[in-house]
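Below, each chain spelled out in residue letters.
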Amino acid sequence: MSLRIDQDHSRFKQIVRGKIKQNLKQYVQQGEMIGKKGKEFISIPVPFIDVPRFKFGSREQGGVGQGDGEEGQSLGQGQEQPGDGQGKAGENEGQHVLEVDVAIDELAQILGEELQLPNIEHRGSEKIVTTKIKYTGVHSIGPESLKHFKRTYREALKRQISMGTYNPDNPVIIPIREDRRYRTYKLQNLPQTNAVILYMMDVSGSMGDEQKEIVRIESFWLDTWLRHQYKGLESRYIIHDAVAREVDRDTFFHTRESGGTMISSAYKLCRDIIKADYPISSWNVYPFHFSDGDNWSADDTRGCIDLLKGDILANVNQFAYGQVESPYGSGQFIKDLREHLGGDERVALSEIADKDGIYGSIKDFLGKGR
Amino acid sequence: MPKSLTPRLMDLKIEIEGYARAFGLDFFETVFEVLSTDELNMVAAYGGFPTRYPHWRWGMEYEQLAKSSEYGLSKIYELVINNDPCFAYLLEANAEVDQKLVMAHVYGHNDFFKNNFSFKYTNRKMVDEMANHATRLRRWIDKKGVEKVEDFIDVCLSLENLIDQHAPHIKRNPDPARAKEQENVRAEGFKVDKDYMRPYVNPADFLAEQRKKLETEKHAQKKFPERPQRDVLAFLLEHAPLEDWEHDILNVVREEAYYFAPQGQTKIMNEGWASYWHSTIMTTRALRDHEIVDYADHHSGTMAMQQGKLNPYKVGIELFRDIEDRWNKGRYGKDWDECDDLRARRNWDKQLGHGRQKIFEVRKHYNDITFIDEFLTQEFAVEQKLFTYNFNDKKNQWEIASREFKKVKNKLLQQLTNFGQPVIDIIDANYENRGELLLAHKHEGVDLDPNYARHTLKNLASLWRRPVGIVTKVDGKGLLMRHDGQTMVEKKVDL
């Protein structure tokens, strides 16, 4: 049903996407709402336009709060004020905060609609088969471990009533051997698609907290989308500076190394992992590499391109490289890739200037439907 | 589309309204409408009104509300407009116990709107007025184009908070006839009946002094405006070189800002009062046995304290209850204040039973500032676990700063003063004799956000069509920020 406000709403969205009213673009900010996915909290982005007004610098102001805690206890990190105690003038709605699980599939659908992403064409799907156990019926013989208590009880009750041994005042039911019922199962062959994401990130000194935050947000959405497309998605994480190593998820997002950058080290490790664990015949492979585009030497860059051309590209669905803008990086690497591999449709390249750029970048990566 | 009440809801309305009236609440006629979630989000985005002028910011509000209800993060419980008749909305999908709670809450708000002094001068036909504003602005959009009108609204919004929130209640500029009379007294001295008294009533040196004062005041009058103007929007309407359509739009924005101002001034009281009444009506009259668990769940959800947030519902209802209790037991006045025997204080009960009567008085004559100032006691602050917080630069985090009563109260009052917005006056509209507009920020310990100030000045300059400036303090030193529409220059000044 269309509402009167739809026009205002679509106008707001157009401003946020920078399609109209460029003069307001500078005031667009990314807010967030916190949702819950299982036990994890997830952030739902809510953009808003902050019209400039005379106002107090928020950090100086502070405020009054309510609750337990010692003096000096933390109320939260960073920019956001924990709550300014006053609503916008004129609002009178009471809001009740609920904690509800957000279905991750739903998020992915919304993402897909929002970005108009094509569904991915799976490959090798027919070949890959898994066996799944499905309970299909009930039988009078079977192993004790599959005993169906409710049905057994019902049989016993039926028998006792028909035999006239059931006394409603003293309702004791005793199943005998013939009453027992067991679950039976069939083995089913299900075609399954397997996919793996290989995240690679440059953690050299030039990648700051802000750059990592961008990578973190972007990989959350990539993960969400691919998980929506493939059941049973695996993730592997590689970090590198001058050498590469495989790490767990937590380390991936929180490590800060320093020193030089040799991207080829990560690509070599990536190649080895694919070769060892993810044969192309049965896996959909998605390497994503994030860096600020500052490689050690032109030689190393050449090495990377050779690795991609020679080994990696033939064995993956798509190779994606995202370059996060950083005040320290030269940003040369993406230019080199574009020059040598720009025509290859298995390669997706994207430059991410800031948090606002994530939106466009996800589309660059996932828009090809590979 | 909005639906009127189902017969069942109509019965509930009659029932709840009866309870409200029996408790002595005095309200406008209330019209409930039933809306779907989407519609309710829309009306909430419009600030409670069914129609507003076209602008993206309603879309922005809607996006937030729609997203948070879509993900089940929050939902709107009640929405009520200060209008006669008073309009309120019910969510179609709510359970019956929720509808009752909302109705009871609405009668609380309605009574408050009708009786609290802050709302005395608000337009009670605002639903119609808002619709008229929408029509007027649509007409200008047809004539001038969407972009042009919308850009101008954006500029107005950036200045929307520069109003004089006390203006509806007092006369800032003196009556010219009275001023003339005063001037005569100054020039000729007080009126004298008997001539021989003249040297005693008006001695020569007194007259000389008065004339001298008059002279300097006349000199001051050459300044424009004569005295600082807090209502910047009104000043711009009168004196800025606006085209007719710009004038009309600015007028609309100003009028709506004044309409909403009292709600900002009474947020804690208003919500507290409404919550007090939904709680009283529900728990003593309207609640049925099977509804108790759901009611308790939803009531406590509304009253929940989030770490570091002040919930106006919670503070308001507790303060009203505290006042009622104190006036019931006679815990006020000189004897109570001077009693420092803890045991006597704890058992203090004069059995006066004035509590209900007192809170009805309070809801009539107070706003948030006077309410907090007069009734927030040390015991209350401790019981409600109030604290102040501030930002620790070293640790890059917000921290609980203090639980000391004086600090908490001062901070709270400071936050409420002028809606927690900086106090800004126009002090000169012909600055340096070049027709520049000069504002002054009354600095009370907290600096302006320089980045926001720069962009706001730019917007102001586009209205005034000449350079504008603001005098403020940064890090304790006087600073003049001047914007000519293109660039901003900062200059140190002595204050």
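Residues numbered from 1 in each chain as written. Chains lettered and ligands numbered in written order. Predicted model: local features only at pLDDT ≥ 70, side-chain atom pairs only at ≥ 80, totals over all residues.

**A look at the overall build of chain A**
Part 1 of the argument: When its secondary structure is counted, chain A shows 11 helices and 13 strands.
Part 2 of the argument: By residue count, 31% of the 370 residues in chain A fall in the buried class. (Helix = DSSP H or I, 4+ residues; strand = E, 2+ residues; numbered from the N terminus. Buried ≥ 20, exposed ≤ 12 C-beta atoms within 10 Å, placed from the backbone.)

**Topic: the overall build of chain B**
Part 1 of the argument: On a plain count of helices and strands, chain B comes out with 21 helices and 11 strands.
Part 2 of the argument: For chain B, buried positions account for 40% of its 495 residues.
Part 3 of the argument: If you take every contact in chain B between residues at least 6 apart in sequence, the share linking residues at least 24 apart comes to 70%. (Contact = placed C-beta atoms within 7 Å.)

**Notes on the nonpolar core**
The nonpolar side chains of soluble globular proteins are, as a tendency, buried together.
Part 1 of the argument: Ranked by internal contacts, the top residues of the largest apolar core, which has 122 residues, are Ile16, Ala104, Tyr107 and Ile249 of chain B.
Part 2 of the argument: Excluding residues within four positions of it along the chain, Tyr107 of chain B makes contact with Ile16, Glu17, Ala20, Leu25, Phe27, Thr30 and Trp277 of chain B.
Part 3 of the argument: Grouped together as the second largest cluster of nonpolar side chains are 50 residues, Leu198, Ile239, Leu269 and Cys304 of chain A included. (Core = buried A, V, L, I, M, F, W, Y, C linked by C-beta atoms within 7 Å.)

**Considerations on helix α18 (residues 368–375) of chain B**
Residues and elements named next belong to chain B.
Part 1 of the argument: Every buried residue of α18 is listed here: Asp368, Phe371 and Ile372. Within α18, the buried residues cover an arc of 90° as seen down the axis, which keeps them to one side.
Part 2 of the argument: Contact partners of the buried residues in α18: α11 (244–265), α12 (267–286), α17 (355–365) and α20 (405–416). (Arc of directions from axis to C-beta.)

**Side note on the confidence of the model for chain B**
Part 1 of the argument: Averaged over chain B, the pLDDT score is 89; the fraction of residues at 70 or greater is 95%.
Part 2 of the argument: Here the prediction assigns the complex a pTM of 0.69, and the interface score ipTM is 0.83. (pLDDT = per-residue confidence, 0-100.)

**Brief notes about the packing of helix α8 (residues 263–277) of chain A against helix α9 (residues 298–312) of chain A**
Residues and elements named next belong to chain A.
Part 1 of the argument: At a minimum axis distance of 8 Å, the contact between α8 and α9 shows a crossing angle of 15°. Put simply, α8 runs roughly parallel to α9. The element α8 and its partner α9 pack so that their crossing is left-handed. The residues of α9 that touch α8, namely those facing Ile263, Ser264, Tyr267, Lys268, Cys270 and Arg271, are Asp300, Gly303, Cys304, Leu307, Leu308, Asp311 and Ile312.
Part 2 of the argument: Residues of the contact of α8 with α9, tallied by class, amount to seven nonpolar, two polar and four charged. (Axes fitted to C-alpha atoms, helices over the stretch in contact; angles between N-to-C directions. Parallel < 35°, antiparallel > 145°, perpendicular 65-115°, else oblique. Left-handed = near helix turned anticlockwise from the far one by under 90°. Nonpolar A, V, L, I, M, F, W, Y, C, P; charged D, E, K, R; others polar.)

**Remarks on the sheet that holds strand β4 (residues 86–91) of chain B**
Residues and elements named next belong to chain B.
Part 1 of the argument: A sheet is described by the order of its strands in space; here three strands give the open sequence β1-β4-β3, paired in mixed fashion. The outermost strands of the open sheet, each flanked by one partner alone, are β1 (30–35) and β3 (79–80).
Part 2 of the argument: Relative to β4, β3 runs antiparallel, the two sharing two bridges. Counterpart to Val80 in the pairing with β4 is Ala88.
Part 3 of the argument: Where helix α2 (residues 37–45) meets the sheet, its contacts fall on β1, β3 and β4, and the angle it forms with β4 comes to roughly 145°. (Pairing = 2+ DSSP bridges.)

**Describing the pairing of strand β9 (residues 468–474) of chain B**
Residues and elements named next belong to chain B.
Part 1 of the argument: With five of seven residues buried, β9 lies mostly within the body of the structure.
Part 2 of the argument: With four bridges joining them, strand β8 (residues 436–442) and β9 adopt parallel strand pairing. Among the inter-strand pairings, Leu437 is bridged to a residue of β9, identified as Val468.
Part 3 of the argument: The β-α-β motif built from β8, the intervening helix α21 (residues 450–464) and the parallel element β9 has right-handed crossover chirality.
Part 4 of the argument: Note that β9 and strand β10 (residues 477–483) share seven bridges and pair antiparallel. Paired with Lys473 across the two strands is Gly478, which belongs to β10.
Part 5 of the argument: Joining the antiparallel neighbours β9 and β10 is a turn of two residues, in which Asp475 adopts a positive phi near 50°. (Right-handed = clockwise from strand over helix to strand, strands pointing away.)

**Remarks on the environment of Phe319 of chain A**
Residue and element names in this part refer to chain A.
Part 1 of the argument: Position of Phe319 relative to the elements: it lies in strand β12 (residues 319–324).
Part 2 of the argument: Along the chain, Phe319 and His289 lie 30 residues apart, while their C-alpha atoms are 8.2 Å from each other.
Part 3 of the argument: The residues contacting Phe319, other than those within four sequence positions of it, are Pro287, Leu308, Ile312, Leu313, Arg346 and Val347.

**Here's the deal with the pairing of strand β8 (residues 195–202) of chain A**
Residues and elements named next belong to chain A.
Part 1 of the argument: The buried fraction of β8 amounts to eight of the eight residues, a majority that puts the element mostly inside the structure.
Part 2 of the argument: Where burial is concerned, the two faces of β8 agree: the one with Ala195, Ile197, Tyr199 and Met201 and the one with Val196, Leu198, Met200 and Asp202 are both buried.
Part 3 of the argument: Where β8 lies against strand β9 (residues 233–240), eight bridges are found, and the strand directions are parallel. Looking at the pairing, Leu198 lines up with Arg236 of β9.
Part 4 of the argument: Direction of pairing for β8 relative to strand β11 (residues 284–291): parallel, over a ladder of seven bridges. Bridging across to β11, Val196 finds its partner in Val285.

**A few points about the confidence of the model for chain A**
Part 1 of the argument: For chain A, per-residue confidence averages 77 on the pLDDT scale, and residues scoring 70 or more make up 78% of the total.
Part 2 of the argument: pLDDT under 50 marks residues 78–102 of chain A. Its contacts with residues more than four places away, or in other chains, come to 72 contacts.

**Focus on the sheet that holds β9 of chain A**
Residue and element names in this part refer to chain A.
Part 1 of the argument: One open sheet holds the six strands; their spatial order is β10-β9-β8-β11-β12-β13, and the pairing between them is mixed. Sheet topology places β10 (244–247) and β13 (347–352) at the edges, where each strand pairs with a single neighbour. Averaged over neighbouring strand pairs, the angle between their axes works out to 20° when direction is ignored.
Part 2 of the argument: Relative to β13, β12 runs parallel, the two sharing six bridges. Note that in β13 the partner of Tyr321 across the bridge is Leu349.

**What to know about unusual backbone geometry**
Residue and element names in this part refer to chain B.
Part 1 of the argument: Note the cis peptide between Asp84 and Pro85, where omega equals 0°.
Part 2 of the argument: Summarising the element assignment, Pro85 is placed in the loop between β3 and β4.
Part 3 of the argument: In this structure, Asn433 is a non-glycine residue whose phi angle is positive, near 55°.
Part 4 of the argument: Its location among the elements puts Asn433 in the loop between β7 (423–431) and β8.
Part 5 of the argument: Of the residues examined, Asn433 has 7 C-beta atoms within 10 Å and is grouped as exposed.

**Here we look at the packing of helix α5 (residues 126–144) of chain B against helix α6 (residues 146–159) of chain B**
Helix packing geometry: the angle between the two helix axes and the distance between the axes.
Residue and element names in this part refer to chain B.
Part 1 of the argument: The interhelical angle for the contact between α5 and α6, taken along N-to-C directions, is 130°, at an axis separation of 7 Å. When the axes of α5 and α6 are compared, the pair comes out oblique. Side by side, α5 and α6 meet where Leu137, Trp140, Ile141 and Lys144 of the first sit next to Val146, Lys148 and Val149 of the second.
Part 2 of the argument: Taken together, the residues that form the contact of α5 with α6 break down as five nonpolar, no polar and two charged.

**Quick notes on α21 of chain B**
Part 1 of the argument: Over its 15 residues, α21 of chain B runs 20 Å from end to end, which matches the ideal 21 Å to within 8%, given 1.5 Å per residue.
Part 2 of the argument: Residue Arg465 of chain B follows α21 of chain B closely and has a positive phi angle near 65°. (Expected span 1.5 Å × (residues − 1).)

**Structural notes on the environment of Gln14 of chain A**
All names here are of chain A.
Part 1 of the argument: Mapped onto the secondary structure, Gln14 falls in helix α1 (residues 6–16).
Part 2 of the argument: On the basis of neighbour counts, which here come to 14 C-beta atoms within 10 Å, the residue Gln14 falls in the partly exposed class.
Part 3 of the argument: Apart from the residues lying within four places of it in its own chain, the contact partners of Gln14 are Lys19 and Ile20.

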